[in-house]
Amino acid sequence: MKDMLTAPFLKAFSKTTSNMYRLGWDERNGGNLSLLLDEEEIAPYVDLNAVKRRFELGFDAKELHGKYFIVTGTQKYFKNVEGNEETNLGLFRISEDGRKGELLWGYLDGGRPTSELPAHLMSHISRLRVDPENRVVMHTHPTNLVAMTYVHELETRQFTHTLWQMSTECIVVFPDGVEVLPWMLCGTNEIGEATADRMRNARVVVWSMHGIYGAGKTLDEAFGLVETVEKAAAIYMLTANLNKINTIKDEELKVLANYFGVKYRSGIID
Ligand code: 13P
Ligand code: ZN
């Protein structure tokens with residue numbers, strides 16, 4: 001059996017948590033990350049029949065039964081993941097009945113997956129229905145995006161429109177826009193269900209006064225999506241109190257979308 005710490009997916013996952021921390025998105029234990037893995041990808045590194053322990057999910061994840069995920073642990077600090085992967089991360093399979101996680105590697109100190117596992121797994125279900133290639137769900141607390149939810153209307157169309165206006169790349173990177181949820185209690189099945197419901201329409205869901213969820217086919221894609229939204233929110237926060245005399249006009253957003261061949265969400269600039 002090869003050493004798990006040399007697995008390319010493990011290295012990429014670990015590096016992503018470091019990058020998220022480096023950008024100031026993940027204070028303390030803030031944020032969590034999940035990656036769907038193929039059996040062939042992990043088979044060289046772990047005995048698929050050696051379940052170390054099982055844990056209750058607390059919701060029905062039947063649609064994901066037999067699938068493998070690597071997920072950050074609850075109460076773990078992103079700044080500590082790189083170099084201490086086996087304690088801070090866990091790799092598990094969803095049980096046949098969809099009610100349990102079957103731990104194959106990690107959570108070495110007796111830890112458990114993130115408290116936001118409902119939002120992660122339910123979002124994976126939603127995104128896989130729309131895009132069978134989706135692999136990643138990322139939750140984090142980017143400073144400017146959270147700040148923006150204190151001063152901007154919390155309405156999906158208005159919020160998306162403002163973000164699209166903040167930088168030329170936005171409508172190209174997230175043409176599906178962002179969905180905005182009101183403040184809700186985190187770590188619950190309810191916020192998981194609400195997030196997954198919004199994930200049917202967009203790859204980004206904003207949790208007002210809390211953070212963001214981003215989904216993608218790869219770690220880079222999800223990271224880049226969140227990074228682009230956060231950059232736009234930073235520009236909004238830098239200019240919100242100034243006398244703005246220029247903007248990207250709706251007609252120009254349409255020109256952009258047409259030039260780059262992206263199908264943008266309807267009802268925002270048309
Ligand atoms: P966990 O430590 O359980 O992952 O929670 C962090 C967080 O961001 C909650 O929303
Ligand atoms: Zn959070």
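See the structure printed just above.
As the structure is a prediction and not an experimental result, all values here were calculated from the model.

*Asks:* Explain the site of ligand 1 to me, please; I cannot follow it from the model alone.
*Replies:* Surveying the vicinity of ligand 1 reveals the residues Asn29, Gly30, Gly31, Asn32, Thr74, Gln75, Thr114, Ser115, Glu116, His139, His141 and His210. Between ligand 1 and the protein, one listed contact pairs an oxygen atom with a side-chain N or O atom of Thr74 at 2.6 Å. Within the contact set of ligand 1, an oxygen atom lies 3.1 Å away from a side-chain nitrogen or oxygen of His141. For ligand 1, whose free accessible area comes to 300 Å², the fraction covered by protein is 94%. Considering only residue class, the shell around ligand 1 consists of no nonpolar, eleven polar and one charged.

*Asks:* Which parts of the structure should I look at to understand the side chain of Ser208?
*Replies:* When you line up the elements, Ser208 lands in the loop between strand E8 (204-207) and strand E9 (211-216). A polar side-chain atom of Ser208 sits 2.6 Å from the main-chain carbonyl oxygen of Leu181. Once you skip the residues sitting within four places of it in the chain, Ser208 turns out to touch Thr149, Leu154, Val180, Leu181, Pro182 and Trp183.

*Asks:* Help me out: how do you make sense of the coordination of the zinc ion (ligand 2) in this one?
*Replies:* Octahedral metals with six donors have ideal donor angles of 90 or 180 degrees. Tetrahedral metals with four donors have an ideal donor angle of 109.5 degrees. The protein atoms donating to the zinc ion (ligand 2) are His139 (NE2), His141 (NE2) and His210 (NE2), with metal-donor distances spanning 2.1 Å. Donor residues for the zinc ion (ligand 2), ordered by position in the chain, follow H-x1-H-x68-H. In this pair, the class of His139 matches that of His141, namely buried.

Thresholds, definitions, all that
- Residues numbered from 1 in each chain as written.
- Chains lettered and ligands numbered in written order.
- Predicted model: local features only at pLDDT ≥ 70, side-chain atom pairs only at ≥ 80, totals over all residues.
- Heavy atoms only, no water.
- Near = heavy atom within 4 Å.
- Polar contact = N/O pair within 3.5 Å; in protein donor to acceptor, adjacent residues only side chain to side chain.
- Areas by Shrake-Rupley, 256 points an atom, 1.4 Å probe, with all protein chains shown as cover.
- Nonpolar A, V, L, I, M, F, W, Y, C, P; charged D, E, K, R; others polar.
- Helix = DSSP H or I, 4+ residues; strand = E, 2+ residues; numbered from the N terminus.
- Contact = heavy atoms within 4.5 Å.
- Donors = N, O, S within 2.8 Å, 3.2 Å for Na, K, Ca; no water.
- Buried < 20%, exposed > 50% of the residue type's maximum accessible area, 1.4 Å probe, protein only.

Just distances and angles here, no functional claims.
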